[in-house]
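Here are the chains, one letter per residue:
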Amino acid sequence: MIRVNENYKKLKSSYLFADIAKRVEQYQQENPDKNIIRLGIGDVTKALPDACIKAFHAGVDEMANDKSFRGYGPEQGYAFLREKIARYDFQARGADISADEIFVSDGAKCDTGNFQELFASDIKVAIPDPVYPVYLDTNIMAGRTGDFADGRYQGLVYLDSTKENNFLPDLPDASCDLIYLCFPNNPTGATITKAVLEKWVTYARENQALILFDAAYEAFIRDDSLPRSIYEIKGADEVAVEFRSFSKTAGFTGTRCAYTVVPRACMIFDETGEKTGLHALWNRRHSTKFNGVSYPVQRAAEAVYSEEGAVQTKALVSYYLKNADLIRHTMDDLGFDCVGGENSPYIWVDGNGRDSWAFFDMLLSKAGVVCTPGAGFGLCGGDYIRISAFNSRENIEAAMIRIKEALK
Ligand code: MLT
C-alpha cells in the first residue's frame, strides 16, 4: 500500500502566495472590470538589465553552434560565475570566501527549502516569527514539528520579531541546533547591525549550532554600516551558510539563478560528536539532485558583475527602493506604524488593531490593491500587512492614491 508522508497533513492546505493568488483570482472573476494592483508577492516587474540581456543572447548563440555548444555543465555552476561571485560579493567586502565554496542554483527558495535535508530529524530548530514560509513548511514536511496548536507548531523554538524588540528577535533561551535568520528581513524589512549579528554568530559557536542566513535582499542595503553578508563577522564561516539570489537583485525571478555559500570550514556533527564537513555533504546532495543552471542564464548572471551590469543593477534596485520610500511615507502619513522600506523592498505595516486578513480584504475590495496579510507569515504577523515595492512607479503611485481614498 502506497502511504502518504503524514507530515504533509500537518501543513496548511496551500502555500501562502498560492492561497493569495487564488483569492485575488476569485475577486477578479467576480469584478472583471476592476483594475488590480499587485503588491503582494515580491515579484519584479522591470526588464533584465541590458548587460544581462546581451550576455544571455550571446549564450544562446553559443548553444546554436556545434563548436560552442555545451551540454551538462558542472552541477555547482560554471567557474566564470563562481569566481566573480566570490571576488565581488565577498572578497571585495573583506569576507574570505572562495569560488569553490559557492553553489550556483535555480533559486534561494529551493536552496533554503532543501538545505534542512542534511540534518537529523530530531534537531532543535529556531524559526523567526513572522517568517518566509519556506523555512517553516520544509521543516514540517521533514517531520521536525509536532501538530499545529494555537497558531504554532509544537517542537519548534519561535524567535518573535515584534515592535517591542524592534523586529530583531532575542537569542533563544534554550539551546538550538539550527537557526534561520533573514536580513534585510522578509517580511518585516528590518535590518541587522554587525554588533547584533555578531551575537548570533557567538551563540552558534558556543552551542555547536548552525545559522542558515538568507541574504536574498542584501542588494537593497544602502546603509554602508550594515553587513551584507554574515561572513563579514569573524568566525561565521565555521557556523553559517548563506543564501543569495539574482531574483530581486537583477530581476531574475523568471530567469532563475541564485547561489548558496557553504564554507569549507563549516562543520556539523554525527551522533558520536565527530565533525563532518558541511561542504562535502551539500556537494553530494547538490550533485545528486541537481544538474546545474542553464549556461545562458549563468552568462546573464555573470554580466551583473561587469562594469555596465553593476551600474544597471544598482539603478534597478534604486528604482524599487524609491517605490519603497513612497509606500513607507504614504503609510507613515496615514498614521500607520511601519518598519522596512529603507534598506528593503518590503514595508511591514501595523494595521492599528485590524486583523491582517480583514485589512487585506478591505484593501482588495475598496482599493483594488493586493498586499500580503501578515498572519500568513506567522502568529506575530496577525495585526500586520506586508506591502511590496516591486511594481512600476505608476502603479505604486496609483496604489497609494487608492489606499488613501479607501481609508478616508
Ligand atoms: C515573497 O514575496 O516573499 C517572495 O517573493 C517569495 C519568494 O521569493 O519566493
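Just so you know, these numbers come straight off a predicted model, no measurement behind them.

Draft legend 1. Representation of the pattern of salt bridges in the model. Here the structure, examined in full by the defined rule, presents 22 salt bridges. Arginine 285 is the partner of glutamate 117 in a salt bridge, and the nearest nitrogen-oxygen pair spans 3.3 Å. Highlighted residues: glutamate 117 in the loop between helix 4 (108-114) and strand 3 (125-129) and arginine 285 in helix 8 (residues 278-289), separated in sequence by 168 residues. For glutamate 405, the salt bridge is made with lysine 408, and the minimal N-O distance between the two is 3.0 Å. Put simply, Asp89, Glu218, Arg228, Glu242 and Arg244 are held in one network by salt bridges that share partners.

Draft legend 2. Quick look at the pairing of strand 14 (residues 346-350). Within strand 14, 5 of the 5 residues are buried, leaving the element largely enclosed by the surrounding structure. With burial as the criterion, each face of strand 14 is covered, one bearing Tyr346, Trp348 and Asp350 and the other bearing Ile347 and Val349. Where strand 13 (residues 338-340) lies against strand 14, 3 bridges are found, and the strand directions are antiparallel. Directly across from cysteine 338, in strand 14, lies its bridge partner valine 349. Connecting the antiparallel pair strand 13 and strand 14 is a turn made up of 5 residues, with glycine 341 showing a positive phi of about 85°. Strand direction decides the pairing type here: strand 14 and strand 17 (residues 384-388), joined by 5 bridges, are antiparallel. Directly across from valine 349, in strand 17, lies its bridge partner isoleucine 385.

Draft legend 3. Spotlight on the sheet that holds strand 14. Read across the open sheet, the 4 strands follow the order 13-14-17-16; overall the sheet is antiparallel. A strand with exactly one partner marks an edge of an open sheet, and here the two such strands are strand 13 and strand 16 (372-373).

Draft legend 4. Looking closely at helix 1 (residues 16-30). Helix length check: helix 1 (15 residues) gives 22 Å between terminal C-alpha atoms against 21 Å at 1.5 Å per residue, within 8%. All of the buried residues in helix 1 are Leu16, Phe17, Ile20, Val24 and Tyr27. Mapping the buried residues of helix 1 onto a view down its axis gives an arc of 85°, with all of them on the same face. With respect to the buried face of helix 1, the exposed residues turned more than 90 degrees away are Lys22, Glu25, Gln29 and Glu30.

Draft legend 5. Representation of the site of the ligand in the model. The ligand sits among Phe17, Ile41, Gly42, Tyr132, Asn186, Tyr217, Lys248, Tyr346 and Arg386. Here lysine 248 contributes a side-chain N or O atom positioned 2.9 Å from an oxygen atom of the ligand. Between the ligand and arginine 386, the relevant distance is 2.7 Å, taken from an oxygen atom to a side-chain nitrogen or oxygen of the residue. Among the residues making up the shell around the ligand, the classes are represented as 5 nonpolar, 2 polar and 2 charged.

Draft legend 6. Spatial organisation of the packing of aromatic side chains. Here the structure, examined in full by the defined rule, presents 28 aromatic pairs. Taken together, the ring pairs in this structure connect Tyr88, Phe90, Tyr231, Phe246, Phe252, Tyr259 and Tyr305 into an aromatic cluster. Against the face of tyrosine 346 rests arginine 386, its NZ or CZ located 3.8 Å from the ring centre. The residue whose ring lies beneath arginine 393 is tyrosine 319, and the NZ or CZ to ring-centre distance is 4.4 Å.

Draft legend 7. Local environment of the packing of helix 2 (residues 50-63) against helix 9 (residues 295-302). Where helix 2 meets helix 9, the axes come as close as 7 Å, and the angle between the chain directions of the two elements is 150°. One finds that helix 2 runs roughly antiparallel with respect to helix 9. The two elements helix 2 and helix 9 meet at a crossing, and its hand is right-handed. Here helix 2 contributes Cys52, Ala55, Phe56, Gly59, Val60, Glu62 and Met63 to the contact with helix 9, which in turn contributes Tyr295, Pro296, Val297, Arg299 and Ala300. Its residues assigned to classes, the contact of helix 2 with helix 9 shows 9 nonpolar, 1 polar and 2 charged.

Draft legend 8. Summary view of the environment of tryptophan 357. Checked against the element boundaries, tryptophan 357 lands in helix 11 (residues 356-367). Through-space distance from the C-alpha of tryptophan 357 to that of threonine 372 is 8.5 Å; in sequence the pair is 15 residues apart. Sequence-distant contacts of tryptophan 357, that is, excluding residues within four places in its chain, are made with Asp19, Ile20, Arg23, Pro373 and Ala375.

Draft legend 9. Spotlight on the packing of helix 2 against helix 10 (residues 307-333). The interhelical angle for the contact between helix 2 and helix 10, taken along N-to-C directions, is 130°, at an axis separation of 7 Å. Judged on the interaxial angle alone, helix 10 and helix 2 are oblique. Listed contacts from helix 10 to Asp50, Ala51 and Lys54 of helix 2 are Glu308, Gly309 and Gln312. Looking at the contact of helix 2 with helix 10, its residues break down into 1 nonpolar, 2 polar and 3 charged.

The rules behind these values
- Residues numbered from 1 in each chain as written.
- Predicted model: local features only at pLDDT ≥ 70, side-chain atom pairs only at ≥ 80, totals over all residues.
- Heavy atoms only, no water.
- Salt bridge = Lys/Arg side-chain N within 4 Å of Asp/Glu carboxyl O.
- Helix = DSSP H or I, 4+ residues; strand = E, 2+ residues; numbered from the N terminus.
- Buried < 20%, exposed > 50% of the residue type's maximum accessible area, 1.4 Å probe, protein only.
- Pairing = 2+ DSSP bridges.
- Expected span 1.5 Å × (residues − 1).
- Arc of directions from axis to C-beta.
- Near = heavy atom within 4 Å.
- Polar contact = N/O pair within 3.5 Å; in protein donor to acceptor, adjacent residues only side chain to side chain.
- Nonpolar A, V, L, I, M, F, W, Y, C, P; charged D, E, K, R; others polar.
- Phe/Tyr/Trp six-rings, centres within 6.5 Å; stacked < 30°, edge-to-face > 60°.
- Lys NZ or Arg CZ within 6 Å of the ring centre and 35° of its normal.
- Axes fitted to C-alpha atoms, helices over the stretch in contact; angles between N-to-C directions.
- Parallel < 35°, antiparallel > 145°, perpendicular 65-115°, else oblique.
- Left-handed = near helix turned anticlockwise from the far one by under 90°.
- Contact = heavy atoms within 4.5 Å.

By themselves, these are just geometric observations and shouldn't be taken as functional.
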